[in-house]
Amino acid sequence: MNVALARMLFWRVMSSKKPPKKSAARKKKALGLSKSSQSPWKTRKIGKKECVLGTDPRRVAAILAGLDEMYPNATCELKYANPFQLLVSTILSAQCTDVRVNQVTESLYKKYPKPEAFAYATPSELEQEIRPTGFFRNKTKSVMGASKAIVEEFGGQVPRTMEEILTLPGVARKTANVVLGTAYGIAVGVVVDTHVIRLSRRLDLSRRTEPPKIEQDLMAAIPPNKWIEFSHQLIWHGRRVCVARKPRCVDCNLEPVCYSVDKTLSTHADSPCLPESYLK
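Scoring rules and cut-offs
Residues numbered from 1 in each chain as written. Predicted model: local features only at pLDDT ≥ 70, side-chain atom pairs only at ≥ 80, totals over all residues. Heavy atoms only, no water. Helix = DSSP H or I, 4+ residues; strand = E, 2+ residues; numbered from the N terminus. Buried < 20%, exposed > 50% of the residue type's maximum accessible area, 1.4 Å probe, protein only. Contact = heavy atoms within 4.5 Å. Areas by Shrake-Rupley, 256 points an atom, 1.4 Å probe, with all protein chains shown as cover. Axes fitted to C-alpha atoms, helices over the stretch in contact; angles between N-to-C directions. Parallel < 35°, antiparallel > 145°, perpendicular 65-115°, else oblique. Nonpolar A, V, L, I, M, F, W, Y, C, P; charged D, E, K, R; others polar. Salt bridge = Lys/Arg side-chain N within 4 Å of Asp/Glu carboxyl O. Expected span 1.5 Å × (residues − 1). Bend = angle between axes of the 7 residues up to and from the residue. Left-handed = near helix turned anticlockwise from the far one by under 90°. Phe/Tyr/Trp six-rings, centres within 6.5 Å; stacked < 30°, edge-to-face > 60°. Lys NZ or Arg CZ within 6 Å of the ring centre and 35° of its normal. Core = buried A, V, L, I, M, F, W, Y, C linked by side-chain atoms within 4.5 Å.

**Re the overall build of the protein chain**
1) Next: Tallying secondary structure elements over the protein chain gives 14 helices and two strands in all.
2) Next: Here the protein chain holds 280 residues, and 44% of them are scored as buried.
3) Next: Taking as baseline every contact in the protein chain between residues at least 6 positions apart, the subset at least 24 positions apart corresponds to 57%.
4) Next: Accessible surface, the protein chain as shown: approximately 15800 Å² in total, 55% of it carbon and sulfur.

Written out as structure tokens, the structure is:
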């Protein structure tokens, strides 16, 4: 066998071999992930300094104190006169601002003052009324379906339990938590909207992506007596300071306890270590 033929056979064999697969551990290492970064509920040391991460109770307490200081009177920004109106407004608020919803419902609730009016409305007419909120056909079905169920199955009253309110068409846990917490003062969970999803990850209170799992993480980390207030405060903070693009960290008093990669300002070089005052 001459040298040229041997070389050709060698490269043919080598090219047919598949590269070895990376193990899961090697993949995580390549991505910069480790056990500590996969599980944020840890306290670890950087050098000689104790660093409090994730949902360590001391860090959670600092976050709650900061939110209390910034938003002592935070509440739902949807305008409503009763639990039923809040339910309808929350359904309409999907993929729409509260400001726009309030503009629409100002005249809507005058034309449709009771659940019966929505339940047996003319769909095409209701669609035009709520058109500015977007997705108006699906929202019309949800509002009419929920109203009809309230009238025919719950005596015209919005249910007061999570199990019952979730049977209403168009109502998922976010809407249920808004109505139960805001209208009735019943804390059965945490409202998880787009702002809460974003801030939960930035504050390292959850590393999940699915709203139900994020809610589970928040319910485990936040004291139950703070669930309602915390929901409103985090939503306010997401709208006013910790916005999606270029968060205004200079105006945020949670900055010392935050080590998000999205930060636009850091006043402590040893991030993610908390100031000594938070460790006492």
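After that view, the rundown keeps rolling.
**Focus on the packing of helix α6 (residues 98-111) against helix α8 (residues 123-130)**
1) Next: It is the contact of α6 with α8, at a shortest axis distance of 10 Å, that shows an interaxial angle of 150°. Taken together, the axes of α6 and α8 are roughly antiparallel relative to one another. Here α6 contributes V104, L108 and K111 to the contact with α8, which in turn contributes L126, E129 and I130.
2) Next: For the contact of α6 with α8, the per-class residue count stands at four nonpolar, no polar and two charged.

**Describing the pattern of salt bridges**
1) Next: The final tally for this structure, using the stated rule, is 12 salt bridges.
2) Next: One salt bridge in this structure joins K226 and D68, with 3.0 Å as the shortest N-O distance. You can see K226 sitting in the loop between α13 (211-221) and α14 (227-240) and its partner D68 sitting in helix α4 (residues 57-70), a full 158 residues away along the chain.
3) Next: The class of D68 is partly exposed, set by a relative accessible area of 30%.
4) Next: Linked by salt bridges that have partners in common, E77, D98, R239 and R240 make up one network.

**Let's talk about α6**
1) Next: The end-to-end C-alpha separation of α6 is 20 Å, in line with the 20 Å expected for 14 residues at 1.5 Å each.
2) Next: The largest bend along α6 reaches roughly 35° and is located at T105.
3) Next: Residues D98, V101, N102, V104, T105, L108 and Y109 constitute the buried set of α6.
4) Next: Against α5 (83-92), α7 (115-119), α8 and α14 lie the buried residues of α6.

**Considerations on the packing of helix α12 (residues 194-202) against α13**
1) Next: Packing of α12 against α13 brings their axes to within 11 Å, and their N-to-C directions diverge by 55°. Taken together, the axes of α12 and α13 are oblique relative to one another. Our pair here, α12 against α13, has a crossing hand that is left-handed. Between α12, through V196, I197 and S200, and α13, the contact on the second element is made entirely by P211, I214 and L218.
2) Next: Of the residues in the contact of α12 with α13, the class split is five nonpolar, one polar and no charged.

**Here's the deal with the packing of aromatic side chains**
1) Next: Under the counting rule described, the total for this entry stands at four aromatic pairs.
2) Next: Centroid distance Y109 to F118: 6.4 Å. Interplanar angle 70°. Geometry classified as edge-to-face.
3) Next: Residue Y109 is classed as buried on the basis of its relative accessible area, which comes to 10%.
4) Next: Connected via pairs of aromatic rings, a cluster forms that spans F84, Y109, Y112 and F118.
5) Next: A cation over an aromatic ring shows up here: R240 above the ring of W236, its NZ or CZ 4.0 Å from the ring centre.

**Observations concerning the nonpolar core**
1) Next: The biggest cluster of nonpolar side chains holds 62 residues, and the ones touching the most others in it are L87, F118, I165 and F230.
2) Next: Aside from chain neighbours lying at most four places away, what touches I165 is V158, P159, V171, A176, V179 and L180.

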